Amino acid sequence: MSEEIVERIEYPPGYRFLPTDEELVNPYLMNKAAGRPLPCHAIQEIDATELYSKPPRSLVTFSHREREWFFFIHEDENSNANRKKVRVVGNGNGCWKQTIDEYPICNTNENILAFKTHLTYFSATGKKTHWKMEEYRLRVTNAGCNTNKEFKVKPKLLLNL
C-alpha cells in the first residue's frame, strides 16, 4: 500500500456517511477495484495483515460519536482470511466469526452486484462482543479491472452500544 496520505472528509455536525449496501458496492467498491475515481474519500484503506493483527478497538478512532467505520481491505494472493468462517486476530487476542452465510446484494433489476457476509468479534476468552463487521465482496465479473489484488469494502467494525 502506498505511503500517500488521503485526506478524509470532515462532515458538519449531524451529517454521517451512511450508504446503503448498493451504494457501497456501486460506486465505491466497483470504482475502487477498477481504479476509477471515487465520489469522495470517506473510506479508509488498510492491509488485511494489519486488520487481523489487532483487536477492533485498536483499529478505529472515536470522534463525533461515530459508530461505523469503513475500510477498503487490501488482500494479496497469500491472504486467504477472506474465505474463512473464523479469523484469528493477532496471537490469539480474539477472533472474527462468520454469523450469517454469505448472501447476494442485487441492484434494482435484481442483478447480483456483490456478496455480503456478517461477522462478530469474540474475545480471547471466547466471549461474544458488541463489535460487528459486514464484509462486501465483488463478483469476479463485476470487478471491471485487471488486477492481482482484490479490494473489498467493509462497513468495518460496526459498533452497537
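Residues numbered from 1 in each chain as written. Predicted model: local features only at pLDDT ≥ 70, side-chain atom pairs only at ≥ 80, totals over all residues. Heavy atoms only, no water.

**Student:** Report on the nonpolar core, specifying residues and quantitative values.
**Tutor:** One finds Phe-17, Val-25, Ile-43 and Leu-138 to be the most contacted residues of the largest nonpolar core, which totals 18 residues. For this core, the leading source of residues is helix 1 (residues 21-34), giving six residues. Look past the residues within four positions of Val-25 in its chain and what remains in contact with it is Met-30, Ile-105, Leu-113, Ala-114, Tyr-136 and Leu-138. Listed in part, the 15 residues of the second largest apolar core include Ala-48, Val-60, Ile-73 and Leu-119. (Core = buried A, V, L, I, M, F, W, Y, C linked by side-chain atoms within 4.5 Å. Buried < 20%, exposed > 50% of the residue type's maximum accessible area, 1.4 Å probe, protein only. Helix = DSSP H or I, 4+ residues; strand = E, 2+ residues; numbered from the N terminus. Contact = heavy atoms within 4.5 Å.)

**Student:** Could you give an account of the side chain of Thr-120, naming the residues involved and the relevant values?
**Tutor:** Mapped onto the secondary structure, Thr-120 falls in strand 5 (residues 112-123). Sequence-distant contacts of Thr-120, defined by excluding residues within four places in its chain, comprise Cys-95, Trp-96, Lys-97, Thr-99, Lys-128, Thr-129, Trp-131 and Lys-132.

**Student:** Just give me the short version of the packing of aromatic side chains, but keep the residues and values in it.
**Tutor:** Each aromatic ring pair is described using two quantities: the centre-to-centre distance and the angle formed by the ring planes. Using the criterion set out here, one finds four aromatic pairs in the structure. Between the aromatic rings of Phe-17 and Tyr-28, the centroid separation amounts to 5.4 Å while the plane-to-plane angle is 85°, which identifies the pairing as edge-to-face. Of this pair, Phe-17 sits in the segment before helix 1 while Tyr-28 sits in helix 1, and the two are eleven residues apart along the sequence. An identical accessibility class is assigned to Phe-17 and Tyr-28; each is buried. Geometrically, the ring pair formed by Trp-69 and Trp-131 is tilted, given 6.1 Å between the ring centres and 35° between the ring planes. One end of the pair, Trp-69, is in strand 2 (residues 69-75); the other, Trp-131, is in strand 6 (residues 128-138), with 62 residues separating them in the sequence. According to the relative accessible area criterion, Trp-69 is buried, its value standing at 3%. Trp-131 sits in the buried class, given a relative accessible area of 6%. Members of the aromatic cluster, each reached through a chain of ring pairs, are Phe-17, Tyr-28 and Phe-70. The ring of Phe-72 carries the charged tip of Lys-32 above its face, separated from the ring centre by 5.3 Å. Cation over ring: Lys-97 sits above Phe-122, and NZ or CZ is 4.5 Å from the ring centre. (Phe/Tyr/Trp six-rings, centres within 6.5 Å; stacked < 30°, edge-to-face > 60°. Lys NZ or Arg CZ within 6 Å of the ring centre and 35° of its normal.)

**Student:** Please give an account of the confidence of the model for the protein that cites residues and values.
**Tutor:** Per-residue confidence for the protein gives a mean pLDDT of 76, with 72% of residues at or over 70. Counted against residues more than four places away or in other chains, residues 1-6, with its pLDDT under 50, gives six contacts. Scored below 50 in pLDDT, residues 154-161 makes 50 contacts in the model with residues more than four places away or belonging to other chains. (pLDDT = per-residue confidence, 0-100.)

**Student:** Pulling in residues and values, what's your account of the pairing of strand 6?
**Tutor:** Note that strand 5 and strand 6 share eight bridges and pair antiparallel. The residue of strand 6 that forms the bridge with Ala-114 is Leu-138. Where strand 5 hands over to strand 6, the hairpin turn is made up of four residues, of which Gly-126 adopts a positive phi near 90°. (Pairing = 2+ DSSP bridges.)

**Student:** I'd like to hear about the environment of Ser-53, residue by residue, with values.
**Tutor:** Tracing the sequence through the fold places Ser-53 in the loop between helix 2 (48-51) and strand 2. Look at Ser-53 and you get partly exposed, because its relative accessible area is 34%. Here the alpha-carbon distance between Ser-53 and Gly-90, two residues 37 residues apart in the chain, equals 4.0 Å. Every residue in contact with Ser-53, bar those within four places of it in the chain, is listed here: Val-89, Gly-90 and Asn-93. Among the polar contacts made by the side chain of Ser-53, one reaches the main-chain carbonyl oxygen of Glu-50 at a distance of 2.8 Å. (Polar contact = N/O pair within 3.5 Å; in protein donor to acceptor, adjacent residues only side chain to side chain.)

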